[in-house]
Amino acid sequence: MTAPDPKADLLRYLQDAREALFWKLDGLSEYDVRRPLTPTGTNLLGLVKHTAGVELGYFGDTFGRPFFAEDPPPWWYTRDAAPNADMWATADESREDITGLYRRAWEHADGTIAALPLEATGRVPWWPEERREATLHHILVRVIADTSRHAGHADIVRELIDGAVGLTQGKDSMPPGDRAMWETHRHRLEEAARAADKTV
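This section reports on the structure supplied with the text. Small disclaimer: the values here were computed from a predicted structure and weren't measured. (Residues numbered from 1 in each chain as written. Predicted model: local features only at pLDDT ≥ 70, side-chain atom pairs only at ≥ 80, totals over all residues. Heavy atoms only, no water.)

### Some thoughts on the overall build of the chain
Line of reasoning, step 1. Scanning the chain from N- to C-terminus turns up six helices and two strands.
Line of reasoning, step 2. Put simply, the chain runs from its N terminus to its C terminus through helices and strands in the order α-α-α-α-β-β-α-α.
Line of reasoning, step 3. Considering only C-alpha atoms, the chain reaches an extent of 55 × 50 × 35 Å along its principal axes.
Line of reasoning, step 4. Residue burial in the chain is summarised as follows: out of 200 residues, 38% are buried.
Line of reasoning, step 5. Contacts in the chain between residues at least 24 apart in sequence constitute 70% of all its contacts with a sequence separation of at least 6.
Line of reasoning, step 6. Here the chain has roughly 12100 Å² of accessible surface; of this, 55% comes from carbon and sulfur atoms. (Helix = DSSP H or I, 4+ residues; strand = E, 2+ residues; numbered from the N terminus. Buried < 20%, exposed > 50% of the residue type's maximum accessible area, 1.4 Å probe, protein only. Contact = heavy atoms within 4.5 Å. Areas by Shrake-Rupley, 256 points an atom, 1.4 Å probe, with all protein chains shown as cover.)

What follows is the structure, encoded as structure tokens:
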């Protein structure tokens, strides 16, 4: 039996989370990938844009490998950026622009991960000075957690749009059941919630 490769394990989990998030855009209109479905504006294309930025920052700037050497886009953490500019797509930013950026972010990040040992130390420019130093291992774990969290957001947003559920294409990780079964299940949960809260 070969010895486990911790870097390969971490990269596999990161790639799984990337693909889960990316897949949530499939088959949707321009409106549906952009429309805000929570009071704070959470939307699918914005989640992809944000996560691209996370990877470019943590695996780029942190380790002296900036992706935007010159002329970063207006939303790239500048003083002139609109509020939460990395969390939504303007009408002028195409889906292809943002998904293409995310794929290039993967390649850039994977290059950093391949080039450095897990013990390599970088400096996160936007963290407080006293804790800016972080290892590649720490950054990988952080980005996996962040990407997985946003993939979970995307799960819920996509279900709100058209009822589509599942982890990735061909691997939905859902128990069997048709729409009627899920409606019955949801009704059961609603009844239990009302029974538990006597004020409803």
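### Looking at helix α3 (residues 44–59)
Line of reasoning, step 1. Here α3 spans 23 Å end to end across 16 residues, near enough to the 22 Å set by a 1.5 Å rise per residue.
Line of reasoning, step 2. For α3, the buried fraction is high: 16 of the 16 residues fall into the buried class.
Line of reasoning, step 3. Structurally, the start of α3 carries an N-cap: the backbone nitrogen of Gly-46 is 2.7 Å from a side-chain oxygen of Asn-43. (Expected span 1.5 Å × (residues − 1). Polar contact = N/O pair within 3.5 Å; in protein donor to acceptor, adjacent residues only side chain to side chain.)

### Considering the packing of aromatic side chains
Line of reasoning, step 1. Going through the model one piece at a time under the given rule, you end up with six aromatic pairs.
Line of reasoning, step 2. Summarising the aromatic geometry, the rings of Phe-22 and Tyr-102 are spaced 6.1 Å apart at their centres and angled 35° between planes, so their arrangement reads as tilted. Of this pair, Phe-22 sits in helix α1 (residues 6–23) while Tyr-102 sits in helix α4 (residues 95–115); the two residues are 80 residues apart in sequence, bridging distant segments of the chain. Pair check on accessibility: Phe-22 and Tyr-102 agree, each one buried. (Phe/Tyr/Trp six-rings, centres within 6.5 Å; stacked < 30°, edge-to-face > 60°.)

### Brief notes about the nonpolar core
Line of reasoning, step 1. Leu-21, Leu-44 and Tyr-102 are the most contacted members of the largest nonpolar core, which has 26 residues in total.
Line of reasoning, step 2. Where this core is concerned, the elements lending two or more residues are α1, α3, α4 and α5 (136–162).
Line of reasoning, step 3. In terms of residue count, the dominant contributor to this core is α3 (six residues).
Line of reasoning, step 4. In this view, Tyr-102 contacts Arg-18, Leu-21, Phe-22, Val-48, Thr-51, Ala-52, Glu-55 and Thr-147; residues no more than four positions away in its chain are not counted.
Line of reasoning, step 5. Counting 17 residues, the second-largest nonpolar core is a separate cluster that includes Leu-10, Leu-14, Phe-59 and Trp-127. (Core = buried A, V, L, I, M, F, W, Y, C linked by side-chain atoms within 4.5 Å.)

### Quick notes on the pattern of salt bridges
Line of reasoning, step 1. Going through the model one piece at a time under the given rule, you end up with eleven salt bridges.
Line of reasoning, step 2. A salt bridge links Arg-18 to Glu-55; the shortest N-O distance between them is 2.7 Å. Placement of Arg-18 in helix α1 and of Glu-55 in helix α3 is noted, with a sequence separation of 37 residues between them.
Line of reasoning, step 3. Residue classification places Arg-18 among the buried residues on the basis of a relative accessible area of 0%.
Line of reasoning, step 4. Across the salt bridge formed by Glu-30 and Arg-95, the nearest N and O atoms sit 3.1 Å from each other. With Glu-30 in helix α2 (residues 30–34) and Arg-95 in helix α4, this residue pair connects regions lying 65 residues apart in the sequence.
Line of reasoning, step 5. Residue Arg-95 is classed as buried on the basis of its relative accessible area of 16%. (Salt bridge = Lys/Arg side-chain N within 4 Å of Asp/Glu carboxyl O.)

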